[in-house]
Amino acid sequence: MSTTSAIPAAAAPALPLSTRLSARLSDYLELSKPRIVVLELIVASAAALIAAPHSFQFNVLLAALAGTALVAASASAANHLLERNTDAAMPRTANRPLAAGRITAAEAIVLSSIGLVAGMTLLLLAVNRLTALLGLASWVLYVVIYTPMKRRTPQNTTVGAVAGALPLLMGWTATGVPLDLTALSLASVLFLWQFPHFMAIAWLYRDDYAAGGHKMLTVVDPSGLRAGVLAVVAAALLIPVSLVPALPPTSGSPWIYAVWATGLGTVQLLLAVRFAIRRDHPSAKRLLRATLVFLPAWMAVLAMVRV
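Definitions and cut-offs
Residues numbered from 1 in each chain as written. Predicted model: local features only at pLDDT ≥ 70, side-chain atom pairs only at ≥ 80, totals over all residues. Heavy atoms only, no water. Helix = DSSP H or I, 4+ residues; strand = E, 2+ residues; numbered from the N terminus. Buried < 20%, exposed > 50% of the residue type's maximum accessible area, 1.4 Å probe, protein only. Contact = heavy atoms within 4.5 Å. Core = buried A, V, L, I, M, F, W, Y, C linked by side-chain atoms within 4.5 Å. 1 Å grid on protein atoms, 1.4 Å probe; cavity = no way out; pocket = protein on both sides within 12 Å on 5 of 7 lines; lining within 4 Å. Points joined across faces, edges and corners; volume = space filled by probe spheres on them. Axes fitted to C-alpha atoms, helices over the stretch in contact; angles between N-to-C directions. Parallel < 35°, antiparallel > 145°, perpendicular 65-115°, else oblique. Left-handed = near helix turned anticlockwise from the far one by under 90°. Nonpolar A, V, L, I, M, F, W, Y, C, P; charged D, E, K, R; others polar. pLDDT = per-residue confidence, 0-100. Phe/Tyr/Trp six-rings, centres within 6.5 Å; stacked < 30°, edge-to-face > 60°. Lys NZ or Arg CZ within 6 Å of the ring centre and 35° of its normal. Salt bridge = Lys/Arg side-chain N within 4 Å of Asp/Glu carboxyl O.

Across its full length, the chain holds 13 helices and zero strands. Mapped in sequence order, the helices and strands of the chain form the string α-α-α-α-α-α-α-α-α-α-α-α-α. Considered along the principal axes of its C-alpha atoms, the chain spans approximately 100 × 50 × 30 Å. Looking at the chain residue by residue over its 307 residues, the buried ones come to 48%. Restricting the contact set of the chain to residue pairs at least 6 apart, pairs at least 24 apart contribute 73%.

Here it is, written out as structure tokens:
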């Protein structure tokens, strides 16, 4: 009988320390959902510019933006933590740092806690109490209410839309200007915008949401009819609400803004109607692209007109 000696396989070479640190920092950054943070900073900045185009304090605005970013990053990390098992079941999110096991739950808890405490401290000490209160409200709505609701009811989208609109009010209040009809109309536009935007996403990834146990509208109603109707209703309501900043008395050239906002809103509405009728991937993708164009285009023109 012949025997062969086992030859141990060569160990994989260890990655350089710089590579490992870069990968870890990249995972930490992903934990904060940077695209959401950037979007919140854009709307907060625009709201501050619209509220006080010639009188806001630059150092206070920077503190408000930093605090907003920290609170938003903390909420995202907590969301990753609470949904790590759900994320692991969905192909779209299975490679997220917590779901894939590259970051531990303890690390996420520490990072989320540090972000929340640092962000709230900065908002309280360097900005004002109202802005800090709005920041705390957005965190609680997103983490404590919205995230658990995703597995229970399709009404989670409404709560998430409220949380998503609050950073705009944080930017406005950071200037010290009281909340008024214009501020509330801007927040309402951002609230309504999230429905056609997310209904398109919910349709495109409805299989993933179903696999993860999320009760999105496109999961509880696989036909997509309810999602389509909601997208159309929100897009239609958005048009008159977006015209409130053009009502007198207002500064700048309100008619330019009114024409621009109506045109943008109409295009978005038509694509929402198309999605509601067809309920297929191409119509959902077109609606999603339209919503991504609408938000920055709407806010940029409004800010320029107000200035």
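Membership of the largest hydrophobic core comes to 56 residues, with the highest contact counts inside it found for Leu168 and Trp298. Looking at which element gives the most residues to this core, the answer is helix α7 (residues 156–174), with ten residues. When residues no more than four places from it in sequence are discounted, the contact partners of Leu168 are Val43, Ala47, Ala183, Leu186, Ala187, Leu190 and Met299. Among the nonpolar cores identified, the runner-up in size contains 25 residues, and Met216, Ala272, Leu287 and Leu288 belong to it.

Considered as a void within the structure, the second largest pocket measures approximately 230 Å³ in volume. Lining the second largest pocket are Tyr28, Leu29, Leu31, Ser32, Ala69, Leu70, Ala73, Ser74, Ala77, Leu111, Ile114 and Gly115. Those elements that place two or more of their residues in the lining of the second largest pocket are α1 (17–31), α3 (58–82) and α5 (105–126). When residues in the lining of the second largest pocket are grouped by element, the largest group, five residues, is from α3.

The next thing to look at is the packing of helix α6 (residues 129–149) against α7. Relative to each other, α6 and α7 sit at 165°, their axes nearing to 9 Å. Relative to α7, the element α6 is oriented roughly antiparallel. Once α6 is placed against α7, the crossing between them reads as left-handed. Seen from α6, the contacting residues are Leu130, Thr131, Leu134, Gly135, Ala137, Ser138, Leu141, Tyr142, Ile145, Tyr146 and Met149; seen from α7, they are Asn156, Val159, Gly160, Val162, Ala163, Leu166, Leu169, Met170, Thr173 and Ala174. Looking at the contact of α6 with α7 residue by residue, the classes come out as 15 nonpolar, six polar and no charged.

This prediction gives the chain a mean pLDDT of 91; 93% of its residues lie at or above 70. Long-range and interchain partners of residues 1–7, a stretch whose pLDDT sits below 50, account for zero contacts in this model, where long-range means more than four residues apart.

Let us now look at the packing of aromatic side chains. Considering all chains together, one arrives at five aromatic pairs under this definition. With centroids separated by 6.1 Å and ring planes inclined at 10°, the aromatic side chains of Phe294 and Trp298 adopt a geometry described as stacked. Taken together, the residues span about one helical turn, with Phe294 and Trp298 both in helix α13 (residues 281–306) at a distance of four residues. In this pair, the class of Phe294 matches that of Trp298, namely buried. Residue placement shows Arg92 over the ring face of Tyr205; its charged tip is 4.6 Å from the ring centre. Just above the ring of Trp203 sits the side chain of Arg206; from NZ or CZ to the centre is 3.8 Å.

The final tally for this structure, using the stated rule, is five salt bridges. As a salt-bridge pair, Asp87 and Arg96 come within 3.3 Å of each other at their nearest N and O atoms. Since its relative accessible area comes to 18%, Arg96 is described here as buried. Via salt bridges that share partners, Asp27, Glu30 and Arg102 belong to a single interconnected network.

Glancing now at unusual backbone geometry. Located in the positive-phi region is Lys33, a residue other than glycine, with phi close to 50°. Relative to the helices and strands, Lys33 resides in the loop between α1 and α2 (34–51). You can call Lys33 buried: its relative accessible area is 14%. Of note in this structure, Arg279 is not a glycine but carries a positive phi near 50°. For Arg279, a relative accessible area of 25% puts it in the partly exposed group.

Now for the packing of α1 against α5. For the pair α1 and α5, the least separation of the axes is 11 Å and the interaxial angle reads 60°. Viewed along their axes, α1 and α5 adopt a mutual orientation that is oblique. In the packing of α1 onto α5, the handedness of the crossing is right-handed. Counting all contacts with α1, which are made through Arg24, Tyr28 and Leu31, the residues of α5 involved are Glu107, Ala108 and Leu111. Grouping the amino acids of the contact of α1 with α5 by side-chain chemistry returns four nonpolar, no polar and two charged.

Attention now goes to the side chain of Ser76. Note that Ser76 resides in helix α3. On the accessibility criterion, Ser76 (2% relative accessible area) is buried. The contact partners of Ser76, leaving out residues within four places of it in the chain, are Leu31, Ser32, Lys33 and Tyr142.

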